[in-house]
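If you want the building blocks of each chain, they are given just below.
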Amino acid sequence: MTTYLLETIKTKFPAAVLAASSFRGDETVVIKKEALKETAAFLRDELGFDFLMDLTAADYLPREPRFELVCHFYSTKHNYRLRLKCPVGADDPTVDSLTPLWAGANWFEREVYDMFGLKFAGHPDLRRILMYDGFEGHPLRKDYPLKKRQPRIPHRD
Amino acid sequence: MGLETLFGHSYLTTRLDEAVNWSRKYSLFNYPFVTACCGMEFMSTFASTYDIARFGAEYPRFSPRQADVLFVVGTVNEKLAPVLKRVYDQMCEPKWVVSFGVCATSGGFYDNYATVQGIDKIIPVDIYIPGCPPRPEAVLDALMKLQAKISKESVLDRKYKWPSDGHRP
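Treat the numbers as computed from the prediction; the structure is a model and nothing was measured.

Parameters at a glance
Residues numbered from 1 in each chain as written. Chains lettered and ligands numbered in written order. Predicted model: local features only at pLDDT ≥ 70, side-chain atom pairs only at ≥ 80, totals over all residues. Helix = DSSP H or I, 4+ residues; strand = E, 2+ residues; numbered from the N terminus. Buried ≥ 20, exposed ≤ 12 C-beta atoms within 10 Å, placed from the backbone. Axes fitted to C-alpha atoms, helices over the stretch in contact; angles between N-to-C directions. Parallel < 35°, antiparallel > 145°, perpendicular 65-115°, else oblique. Left-handed = near helix turned anticlockwise from the far one by under 90°. Contact = placed C-beta atoms within 7 Å. Nonpolar A, V, L, I, M, F, W, Y, C, P; charged D, E, K, R; others polar. Pairing = 2+ DSSP bridges. Core = buried A, V, L, I, M, F, W, Y, C linked by C-beta atoms within 7 Å.

A. The overall build of chain B, seen in detail. Of the regular secondary structure elements, chain B holds six helices and four strands. For chain B, the sequential pattern of α-helices and β-strands runs α-α-β-α-β-α-β-α-β-α. With respect to the principal axes defined by its C-alpha atoms, chain B has extents near 65 × 45 × 25 Å. Looking at the 169 residues of chain B, the share that counts as buried comes to 34%.

B. Expanded view of the packing of helix 2 (residues 16-25) of chain B against helix 6 (residues 136-151) of chain B. Residues and elements named next belong to chain B. Across the interface, helix 2 lies against helix 6 with an axial gap of 9 Å and an inter-helix angle of 160 degrees. One finds that helix 2 runs roughly antiparallel with respect to helix 6. Where helix 2 crosses over helix 6, the two elements pack in a sense that is right-handed. Only Q147, I150 and S151 of helix 6 make contact with helix 2, whose side of the interface consists of N21, R24 and K25. When the residues that make up the contact of helix 2 with helix 6 are grouped by side-chain class, the tally is one nonpolar, three polar and two charged.

C. Geometry of the sheet that holds strand 3 (residues 96-100) of chain B. All names here are of chain B. Strands sit in the order 1-2-3-4 across an open sheet of four strands; the sheet is parallel. Looking along the sheet, the strands with just one partner apiece sit at the ends: strand 1 (30-34) and strand 4 (127-129). Across the sheet, the axes of successive neighbouring strands diverge by a mean angle of 15 degrees, strand direction being ignored. Looking at chain direction, strand 1 and strand 2 (residues 69-73) are connected through five bridges and run parallel. Paired with V34 across the strands is V73, a residue of strand 2. Against the sheet, helix 6 touches strand 2, strand 3 and strand 4, its axis set at about 170 degrees to strand 4.

D. Spatial organisation of unusual backbone geometry. With an omega of 0 degrees, the peptide bond between E64 of chain A and P65 of chain A qualifies as cis. In this structure, P94 of chain B follows E93 of chain B across a cis peptide bond, with omega equal to -5 degrees. Following the sequence through the fold, P94 of chain B ends up in the loop between helix 4 (81-90) and strand 3. Unlike most non-glycine residues, R24 of chain A shows phi in positive territory, near 50 degrees. By secondary structure assignment, the location of R24 of chain A is in the loop between strand 1 (17-23) and strand 2 (26-31). For N79 of chain A, which is not a glycine, the phi torsion comes out positive at approximately 55 degrees. Within the fold, N79 of chain A resides in the loop between strand 4 (67-75) and strand 5 (80-88). Classification of N79 of chain A by C-beta neighbours within 10 Å gives exposed; the count is 9.

E. Quick peek at the nonpolar core. L70, F71, V72, L84, V98 and F100 of chain B are the most contacted members of the largest nonpolar core, which totals 37 residues. Where this core is concerned, the elements lending two or more residues are strand 1, helix 3 (38-46), strand 2, helix 4, strand 3, helix 5 (102-106), strand 4 and helix 6 of chain B. What F100 of chain B contacts, discounting residues up to four positions off in sequence, is C38, F42, F71, V72, V73, I129 and P134 of chain B. Of all hydrophobic cores here, the second largest spans 29 residues; its members include F67, V95, L118 and F120 of chain A.

F. View of the sheet that holds strand 1 of chain A. All names here are of chain A. Ordered in space as 1-2-5-4-3, the five strands form an open sheet in which the pairing is mixed. Either end of the sheet is taken by a strand with one partner, and the two such strands are strand 1 and strand 3 (51-59). Here the strands of the sheet are splayed against their neighbours by 20 degrees on average, with no regard to which way each runs. Sheet topology note: the strand 3/strand 4 ladder contains eight bridges and is antiparallel. Counterpart to L55 in the pairing with strand 4 is C71. Its contacts with the sheet put helix 2 (residues 36-45) on strand 2, strand 4 and strand 5, and the angle it makes with strand 5 is roughly 175 degrees.

What follows is the structure in structure tokens.
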């Protein structure tokens, strides 16, 4: 099982796969961001991954590329899982949206945009989902000041 | 039948403050502004084991306009702060505020970009209840302290001074 998934993806996208590993049954594929949508479509249509469980990001400042997009897929048909990671640089933080493939990606991507400032090309309605209008910056970025506050109404003394 | 047969057409003298405060402190209609897990302990205080009705405060009003005391139960974040302010402004005088639990009191361990570091940054607070969450005994203790505070007030005092610019402190 383990080798089958990783080998299939590596064989299908030899140029796009940066790394593939398996740790105690957790399969992870690191892939170039240009190939994300194509790979995800392959996972859904050919390998039976019908469920996008989670889509989030991490900030590895000062590493470059700085961000990493993390997608967790699950197949209800075959009961197997796969994690797809995508390094994303700060100079061009744009990734293809997965919303056309899984409608559930919509709010995940809005959250990632809100918290990390990654942009999703092809997203139908990319705006903040957690923070309020007028909030500046992206609070889960490692360079967001720890004590910075942006109150909506003036505080009492 | 009752007391009136015993006393006949007699009368009782007291200070106006005493009479008004006595009735106020035993009929605290509350407005629960519940945002987080503290709400479970709040419900426990209302239920039969602890029975907040013994203090005349068992009647939650789901309109702030009819409430006397605002219970802020749980974490309040910056996104919610204008709502809390508005609810407070809608309450009629006299009104009191109880900050329930450590998050409402000081932000608790949520010292981050999203959380208001204590609701007294938004509205004036009369009683703070510590605990994460507070036990029902602590809530009842706070209620009794609020009653003690109310019994010292005067009907002639305006509780909150309006500043000259028309904005409430």
